[in-house]
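The chain contents come next:
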Amino acid sequence: MFVAAETFADGHVERARTCVFGSGPAGLTLAYTLAERGEDVLLVEAGGAEWEFESQELYQGRVEGDRYFLLEDCRLRVFGGTSGHWGGYCRPLDAHDLAGIPGHPGTRWPIGVEALQPYLAAAAEILEIPGEFPEREAGPDLVRTMYNYSPPVRFGDKYRDYCESSDRLRVCLNSALVGMEPDAGAGETRIRAAEIVTERGPGGAEGRVRWRVEAERFVVCLGGIENSRLLLWINEQNGRALLPDHDLIGRYWMEHPNDSVGETVLLADQAGLFVERPTHFTLSGSYQQDNALPNVVFEINEESYTKAKRLAADILCIAPPLGQRLLDGIDKKLVCAARVRCQWEQVPDPDNRVVLGDTPDRLGIPQVALHWRNNPSERRTIAASTLALARAFAEQDIGRVKPFDWIVDDSLPFPDDEVIASYHHMGGTRMSADPAAGVVDPDLKVHGVANLYVGGSSVFPSSGYANPTLTIVQLALRLADHLRPAA
Ligand SMILES: Cc1cc2nc3c(=O)[nH]c(=O)nc-3n(C[C@H](O)[C@H](O)[C@H](O)COP(=O)(O)OP(=O)(O)OC[C@H]3O[C@@H](n4cnc5c(N)ncnc54)[C@H](O)[C@@H]3O)c2cc1C
């Protein structure tokens, strides 16, 4: 049921066995699954039932480094979280993603693909996708890879009725986590209570209520930036004593940079292209391992007929027989021109990080400062992978790729006319079995704190190229099994 926290008196205490913060894909999947298993769950969501400017305003912050989106525009602070905006592209991580990026030991996940695989079918049901991702070898090093497309599921819409009718799941909207009270007993720290502020009216125009939640365990699912921000803030409030290695929180933050890397003419019949959606290729796991390359995906989007003619004419100048074959194919509609976009995995960098800025928001929490830039080593990933794609297309006679100048000439700058990122916020509270190397353990419990867990992509130690939400939902289902196994 929805509980009107606006009516609470200051100092009110709400009790639950499990308290989940945030109602995006991570938080709602977890809260719903636990409630369905008979757990008494309180879900505390900072946003309201609908989008509000005054709520989004609390997501403002500063970005230092490369050009990036406005932080209040690239995520949603509303019931259902950023699933209100997402595009629905779904793919699980590859097995070799969890093995880590070759040459970067810290990027190995402490769990293998066998820990996520059992949750694929249930996650697919939630996201309303088939959940099958057949791959096809398109050459020795080239793989035709597959996405599934969620309608896209808007979590707020999907679970609103359930939240209204359930008496095991209580939901408080307009209620932000702002602090935590640890128990200073012997042994591992425990969180005794969480501090919440509920705003009455837009932006608190009609006042604010400060109240507390007492629970046996707390799970923060605030999104890939706010998880770090709130943990940093809670640690600051507690004299940096709550979380043992506070310096790791916020570090190794990652995006999926994404840019056009070239153009191609394709023999569409051979490439098996363009049934409905763009077509995707990746390089084989063994090619990536052998060449110490992070993971990439190429998206091939069909372009106009005129462009196909122009590209075929260019090829005619340098390779007349092939150019003629392409021009003949154009007349029979066997050839198309396409733009090649690449989405690549960043090598996690400790200097890409979420930190607390100097300016407090209206609830008194420092706004976020996000330090993010593309590492120069990423030029090598993109160039080597694009050239491998071009080689494989030529060898298999799928088509020909013309990489852009900045791909082949690394003295040219990265194009900076647009943001080269994908709205995927990952890392910051990375998972590791070693408390010195990660913020959460393989069960997503914060190292050194007995009853505090983290849900969402902030726990990813590395990112592969796959869009993160399917993995977020798989991890939330796995966490539900840890907290309350199905009977
Ligand atoms: C334009 C766009 C397109 C995208 N397309 C795709 C795609 O195609 N495929 C894909 O996999 N991913 C995509 N994403 C990313 C996807 O939306 C996120 O991966 C996903 O929503 C993350 O889920 P989450 O639950 O971890 O965080 P969120 O969905 O961000 O939810 C976090 C929740 O926490 C709440 N919250 C924040 N602070 C507090 C607080 N202090 N107290 C209480 N609650 C709080 C927020 O209001 C929010 O409801 C896209 C994102 C955008 C913006």
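Criteria and thresholds
- Residues numbered from 1 in each chain as written.
- Predicted model: local features only at pLDDT ≥ 70, side-chain atom pairs only at ≥ 80, totals over all residues.
- Heavy atoms only, no water.
- UniProt positions renumbered as here; feature names shortened; annotations may be inferred.
- Helix = DSSP H or I, 4+ residues; strand = E, 2+ residues; numbered from the N terminus.
- Rg over C-alpha atoms; globule rule 2.2 N^0.38 Å.
- Buried < 20%, exposed > 50% of the residue type's maximum accessible area, 1.4 Å probe, protein only.
- Areas by Shrake-Rupley, 256 points an atom, 1.4 Å probe, with all protein chains shown as cover.
- Lys, Arg positive; Asp, Glu negative; His and termini not counted.
- Charge placed at Lys NZ, Arg CZ, Asp CG, Glu CD.
- Contact = heavy atoms within 4.5 Å.
- Expected span 1.5 Å × (residues − 1).
- Salt bridge = Lys/Arg side-chain N within 4 Å of Asp/Glu carboxyl O.
- Near = heavy atom within 4 Å.
- Polar contact = N/O pair within 3.5 Å; in protein donor to acceptor, adjacent residues only side chain to side chain.
- Nonpolar A, V, L, I, M, F, W, Y, C, P; charged D, E, K, R; others polar.

In the nomenclature of an unreviewed UniProt entry, the chain corresponds to GMC family oxidoreductase from the organism Halovulum marinum. Its UniProt record gives the chain the following Cofactor (unreviewed entry) comment, quoted word for word: "FAD". In its Sequence similarities (unreviewed entry) section, the UniProt entry covering the chain states "Belongs to the GMC oxidoreductase family."

Visitor: Break down the overall build of the chain for me, citing the residues and quoting the values.
Guide: Broken down by element type, the chain carries 14 helices and 21 strands. For 487 residues, the compact-globule estimate of 2.2 N^0.38 gives 23 Å, and the C-alpha radius of gyration of the chain, at 24 Å, lies within 12% of that figure. Considered along the principal axes of its C-alpha atoms, the chain spans approximately 80 × 45 × 40 Å. Counting every position in the chain, which comprises 487 residues, the buried fraction comes to 59%. For the chain, the accessible surface area stands at approximately 19,100 Å², while carbon and sulfur atoms represent 50% of it. Considering the chain, the positive charge centre built from 47 side chains and the negative charge centre built from 70 side chains are found 1 Å apart.

Visitor: For the environment of Ala421, give the residues involved together with the corresponding values.
Guide: As for its placement among the helices and strands, Ala421 is situated in the loop between helix H13 (405-408) and strand S20 (426-428). Taking C-alpha positions, Ala421 is 6.3 Å from Glu255, a pair spaced 166 residues apart along the chain. Those residues in contact with Ala421, other than ones at most four positions away along the chain, are Tyr68, Phe69, Glu255, His256, Pro257, Asn258 and Trp372.

Visitor: Quick rundown of helix H12 (residues 377-395)? Include the residues and the values.
Guide: Compared with an ideal rise of 1.5 Å per residue, which puts 19 residues at 27 Å, H12 spans 27 Å between its outermost C-alpha atoms and is within 8% of the ideal. Within H12 the residues assigned to the buried category are Glu378, Arg379, Thr381, Ile382, Ala383, Ser385, Thr386, Ala388, Leu389, Ala390, Ala392 and Phe393. Following H12 by one or two positions, Asp397 has its phi on the positive side, about 55 degrees.

Visitor: Describe the pattern of salt bridges, listing the residues and the values that go with them.
Guide: For the structure shown, the criterion picks out 27 salt bridges. For Arg362, the salt bridge identified is with Glu57, shortest N-O distance 3.1 Å. With a gap of 305 residues between them, Arg362 in the loop between strand S17 (353-360) and strand S18 (366-372) and Glu57 in the loop between helix H2 (53-56) and strand S3 (61-65) connect regions that are remote in the sequence. Residue classification places Glu57 among the partly exposed positions, given a relative accessible area of 30%. Between Glu128 and Lys158 there is a salt bridge, with its nearest N and O atoms 2.9 Å apart. Of this pair, Glu128 sits in the loop between helix H5 (120-127) and strand S5 (136-137) while Lys158 sits in helix H6 (residues 155-165), and the two are 30 residues apart along the sequence.

Visitor: Describe in detail unusual backbone geometry, supporting the description with residues and values.
Guide: At the junction of Pro151 and Pro152, the peptide bond is cis and its omega measures out at 10 degrees in the coordinates. The residue Pro152 is located in the loop between strand S7 (148-149) and H6 in this model. Although it is not a glycine, Tyr423 sits at a positive phi angle of roughly 70 degrees. Mapped onto the elements, Tyr423 comes out in the loop between H13 and S20. On the basis of relative accessibility, which here comes to 48%, the residue Tyr423 falls in the partly exposed class.

Visitor: A description of the UniProt feature "domain: Glucose-methanol-choline oxidoreductase C-terminal" (unreviewed entry) in the chain should follow, citing residues and the corresponding values.
Guide: Under the local residue numbering, the UniProt record ascribes the feature "domain: Glucose-methanol-choline oxidoreductase C-terminal" (unreviewed entry) to residues 348-476. Helix and strand shares over residues 348-476 are 24% and 20% respectively, and the end C-alpha atoms of the span are 23 Å apart.

Visitor: Tell me what's going on with the site of the ligand, and back it up with residues and numbers.
Guide: In the vicinity of the ligand, 34 residues are found, and the nearest of them are Glu45, Thr82, Gly87, Tyr89 and Thr469. For the ligand, an oxygen atom lies 3.0 Å from a polar atom in the backbone of Val78. Note that an oxygen atom of the ligand is positioned 2.6 Å from one of the side-chain N or O atoms of Thr82. Calculation on the ligand without its partners gives an accessible area of 1,000 Å², and the protein chains cover 93% of this total. Of all the secondary-structure elements, those providing two or more residues to the shell around the ligand are helix H1 (25-36), strand S9 (175-183) and helix H14 (469-483). No other element matches the three residues that S9 contributes to the shell around the ligand. Across the shell around the ligand, the residue classes break down as 17 nonpolar, 15 polar and two charged.

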